[in-house]
Every structure is written in structure tokens, then in C-alpha cells.
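Summary of structural features
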Amino acid sequence: QVQVVESGGGLVQPGGSLRLSCAASGNIYNIDVMGWYRQAPGKQRELVATFTSSGMKEYGDSVKGRFTLSKDDDKNTMHLQMTSLKPEDTAVYYCHVALRWGMANYWGQGTQVTVSS
């Protein structure tokens, strides 16, 4: 069992920056992948960025070059540095964790990011 809590969302003007954080607790030893998804009104949940099983970083096309993933060594904390934010980035951002054994998935409650002037 893994508990996931996001933080760092808020209101920012276009072109601004935000840093999201995801803190995982519980069975963090068996975390396989950890990443961010977002969902805007009227849209499906989409990949923002994720650490893959091989340790690589994968970004969604719409955020590539603007967002940057990072984590601490034990993988219990993950950050998403978002720059050059656009109104289209407005969404609820969810932290996602999947475990190695059984590929169980866990989601946080989400944090709202609003990009508006």
C-alpha cells in the first residue's frame, strides 16, 4: 500500500512557473514508476511526465522542453518544475505511482494548477 500526496499547485500568470511535489509513503521500496498526469475539464487524463521502469524520463509532447522531472534518491519524493506555463496547462495534476510486483497503481487526490491572467 502506498499513499500519495501532491502539493504546490496554485494560480500563476501565463509565462510563469510552478513547482509541484509528490510525497509517497508506505511501501515505497517497491515503487517501479512514478509520474504526473493531468486532467482538464472536458478532456481525458493525459500523461505529463513520468519516470519509467528503466529510470528514464518520459514527457508528454505538450510539455516537452518546459517541464522537468526530478526526484530524491529513495524515490519517495518527486518534483515537477513547470516553466513557461500556458493557459492550456490549466488542470488538476495527479501524482501516479505503480509498484513492481503486480503493477498496482496509486493516485493522489490531485492539486489544481490554474494559468490565467
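First, a word on scope: everything that follows refers to the structure included in this document. (Residues numbered from 1 in each chain as written. Predicted model: local features only at pLDDT ≥ 70, side-chain atom pairs only at ≥ 80, totals over all residues. Heavy atoms only, no water.)

1. Description of unusual backbone geometry
Phi angles above zero are rare outside glycine, and Ser-84 is one such case at about 50 degrees. Structurally, Ser-84 is set in the loop between strand 8 (77-82) and strand 9 (91-99). (Helix = DSSP H or I, 4+ residues; strand = E, 2+ residues; numbered from the N terminus.)

2. Notes on the sheet that holds strand 7 (residues 67-71)
A sheet is described by the order of its strands in space; here four strands give the open sequence 1-3-8-7, paired in antiparallel fashion. With partners counted over all chains shown, the strands left at the sheet margins are strand 1 (2-7) and strand 7, one partner each. Neighbour-to-neighbour, the strand axes of this sheet turn through a mean angle of 15 degrees, independent of strand direction. The sheet contact formed by strand 3 (residues 18-26) and strand 8 spans six bridges and is antiparallel. Its bridge partner being in strand 8, Cys-22 is matched across the sheet by Met-78. (Pairing = 2+ DSSP bridges. Axes fitted to C-alpha atoms, helices over the stretch in contact; angles between N-to-C directions.)

3. Structural notes on the state of the cysteines
Taken as a whole and judged by the stated rule, the model has one disulfide. Paired by a disulfide, Cys-22 and Cys-95 hold their sulfur atoms 1.9 Å apart. Since a negative S-S torsion denotes a left-handed disulfide, the Cys-22-Cys-95 link at about -75 degrees is left-handed. With Cys-22 in strand 3 and Cys-95 in strand 9, this pair connects stretches of sequence that are 73 residues apart. (Disulfide = S-S within 2.5 Å.)

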